[in-house]
Amino acid sequence: LSPNQHDQTLFEERHLRFISNLGKGNFGIVELCRYDPLGDNTGEFVAVKKLQPNKQSTLEDFKKEVNTLSVFHCDYIVKYRGICYSTGRLSMSLVMEYLPCGSLIHYLENNRHNVNTRRMLLFASQICKGMECLQSLRYVHRDLAARNILVASESLVKIADFGLSKIIPFDKEYYRVTQPGESPIFWYAPEAINELKFSHKSDVWSFGVVLHEIFNYCDMNSNPKKLCMQEIGYNVQGPSVSMHLANILKNNWRLPAPPNCPTKVYSLMMECWAYDFAERPCFSSLGNHIETIMQDERENPKG
Ligand SMILES: CCCn1cc(-c2nc(Nc3ccc(C(=O)NC)cc3)nc3[nH]ccc23)cn1
């Protein structure tokens, strides 16, 4: 075990009782379990991410994710609880707090009528704060998308799934990945599509796409992939999609404003989608800007 793994909280596999599947993240599926050492169903619910070693992910990657999550103590990042070694220590699982309301996509699709602009902006500002926390530890998330945001309560969301996150080397401002893998290119900044360069500013681009998803209530008929493919043309398939996407972004096409989206919010998205990463805002100024718009919404509510 590497030195800092000695302070991991160990969950014994025999006390983890499987209840249901919660979802699929990068590098593994997530299950709802009850950790019930007393065996009397009084134990607490936990979310358990089982490592699925495949071509992309190895045990090392998974241990990095465990270590990543264990160092974050932030209200807007899903809480790490500990690890569980399976018998024979062949594989391990990551144990996290269980968030009862599920993914943001699920929540917004099902609660469209009682989520107003102010609540959307509250969620956006919380995601910003979570990203500031990641940035303070030099992490780039690389897969910031509404599918990776979880709802803890009707007024709290958290960032989840750090399977693709990387630490930016101390002497650089970006992380270059070697193989693209199954990239969520419709959330990617141009420099990430073209040069596989990832930085806090490429996470800011993805944040703009998450803002777009939120203000579309995560409606699957107008999700980022659909809207981009409409523009590119459905006859385009496979690897050339990223080249076509890079071209339309180069020619200043951007995702259209969601219906009834306040002008100030759409212009914030457009700032996140500045072609030159140096012109994109940082998460702290984005957070302040969102709080200002929330203030305006409080004074003259429209939605
Ligand atoms: C982000 C991608 C990977 N992923 C993580 C989780 C996850 N889910 C939940 N709760 C959850 C999920 C779904 C539903 C539901 O009703 N579904 C129809 C209700 C509650 N708590 C979690 N704590 C840590 C991870 C995690 C699910 N997928």
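Computed from a prediction, not measured in an experiment: that's the story for all the values here.

Draft legend 1. Representation of unusual backbone geometry in the model. If you check the backbone angles, Arg138 has positive phi at about 65° while not being a glycine. Mapped onto the elements, Arg138 comes out in the loop between helix H3 (117–136) and strand S6 (139–140). In this structure Arg138 comes out as partly exposed when scored by relative accessible area, which is 30%. Although it is not a glycine, Asn260 adopts a positive phi angle of roughly 60°. Within the secondary structure, Asn260 is located in the loop between helix H7 (240–250) and helix H8 (263–272). The exposed category is assigned to Asn260, whose relative accessible area is 78%.

Draft legend 2. Here's a closer look at the pairing of strand S8 (residues 156–159). Direction of pairing for strand S7 (residues 149–153) relative to S8: antiparallel, over a ladder of four bridges. From the neighbouring strand, Leu150 faces S8, where its bridge partner is Lys158. Counting the residues between successive antiparallel strands, the hairpin from S7 to S8 contains two residues.

Draft legend 3. Fine view of the side chain of Lys158. In this structure, Lys158 sits in strand S8. On the basis of relative accessibility, which here comes to 6%, the residue Lys158 falls in the buried class. At a separation of 2.8 Å, a polar atom in the side chain of Lys158 contacts the side chain of Glu97. The contacts of Lys158, once residues within four sequence positions are left out, are Asp75, Tyr76, Ile77, Val78, Lys79, Glu97, Leu99, Asn148, Ile149, Leu150 and Ala152.

Draft legend 4. Examining the sheet that holds strand S1 (residues 16–25) more closely. Reading across the sheet, the five strands line up as S1-S2-S3-S5-S4 and stay open at both edges, with antiparallel pairing between neighbours. Edge strands, defined here as strands with exactly one partner in the open sheet, are S1 and strand S4 (80–85). Strand-to-strand twist across the sheet, computed as the mean angle between neighbouring axes with direction ignored, equals 30°. In the sheet, S4 pairs with strand S5 (residues 92–97) via five bridges, with the strands oriented antiparallel. If you follow Cys84 over to S5, its bridge partner there is Ser93. Its contacts with the sheet put helix H1 (residues 59–71) on strand S3 (44–51), S4 and S5, and the angle it makes with S5 is roughly 25°.

Draft legend 5. Structural view of the packing of H3 against helix H5 (residues 200–215). One can describe the packing of H3 onto H5 by two numbers: an axis separation of 11 Å at closest approach and a directional angle of 160°. Comparing their axes, H5 and H3 come out roughly antiparallel. Once H3 is placed against H5, the crossing between them reads as right-handed. Contacts between H3 and H5 involve Thr117, Met120, Leu121, Ala124, Ile127, Cys128, Met131 and Gln135 from the first element and His200, Asp203, Phe207, Val210, Leu211, Ile214 and Phe215 from the second. Tallied by class, the residues present in the contact of H3 with H5 amount to 11 nonpolar, three polar and one charged.

Draft legend 6. View of empty space enclosed by the protein. Applying the stated rule across the entire model yields two cavities of 30 Å³ or more. If you add up the space inside the largest cavity, you get close to 100 Å³. Lining the largest cavity are Ile185, Phe186, Tyr188, Trp205, Val209, Cys228, Leu245, Leu249, Trp253, Arg254, Leu255 and Trp273. Among the secondary structure elements, those contributing two or more residues to the lining of the largest cavity are H5 and H7. Grouping the constituent residues of the lining of the largest cavity by class yields 11 nonpolar, no polar and one charged. In this structure, the second largest cavity encloses a volume near 30 Å³. Looking at the lining of the second largest cavity element by element, the count peaks at three residues for H5.

Draft legend 7. Inspection of the packing of aromatic side chains at higher detail. Summed over the entire model, instances satisfying the criterion amount to six aromatic pairs. On the basis of an interplanar angle of 75° and a centroid distance of 6.1 Å, the ring pair of Phe45 and Tyr98 is categorised as edge-to-face. With Phe45 in strand S3 and Tyr98 in the loop between S5 and helix H2 (104–110), the pair connects residues that are 53 residues apart, well separated along the chain. Accessibility expressed as a relative area gives 37% for Phe45, which makes it partly exposed. Taking relative accessible area as the criterion, Tyr98 reaches 26% and is therefore assigned partly exposed. Taken together, a centroid distance of 6.0 Å and an interplanar angle of 85° make the contact between Phe207 and Phe283 edge-to-face. Residue Phe207 is found in helix H5, and its partner Phe283 is found in helix H9 (residues 283–299); the two are separated by 76 residues along the sequence. In this structure, Arg142 is placed above the aromatic ring of Phe198, and the distance from its NZ or CZ to the ring centre is 4.2 Å. Of note, Lys250 hangs over the ring of Tyr275, and the distance from its end group to the ring centre comes to 4.7 Å.

Criteria and cut-off values
- Residues numbered from 1 in each chain as written.
- Predicted model: local features only at pLDDT ≥ 70, side-chain atom pairs only at ≥ 80, totals over all residues.
- Heavy atoms only, no water.
- Helix = DSSP H or I, 4+ residues; strand = E, 2+ residues; numbered from the N terminus.
- Buried < 20%, exposed > 50% of the residue type's maximum accessible area, 1.4 Å probe, protein only.
- Pairing = 2+ DSSP bridges.
- Polar contact = N/O pair within 3.5 Å; in protein donor to acceptor, adjacent residues only side chain to side chain.
- Contact = heavy atoms within 4.5 Å.
- Axes fitted to C-alpha atoms, helices over the stretch in contact; angles between N-to-C directions.
- Parallel < 35°, antiparallel > 145°, perpendicular 65-115°, else oblique.
- Left-handed = near helix turned anticlockwise from the far one by under 90°.
- Nonpolar A, V, L, I, M, F, W, Y, C, P; charged D, E, K, R; others polar.
- 1 Å grid on protein atoms, 1.4 Å probe; cavity = no way out; pocket = protein on both sides within 12 Å on 5 of 7 lines; lining within 4 Å.
- Points joined across faces, edges and corners; volume = space filled by probe spheres on them.
- Phe/Tyr/Trp six-rings, centres within 6.5 Å; stacked < 30°, edge-to-face > 60°.
- Lys NZ or Arg CZ within 6 Å of the ring centre and 35° of its normal.

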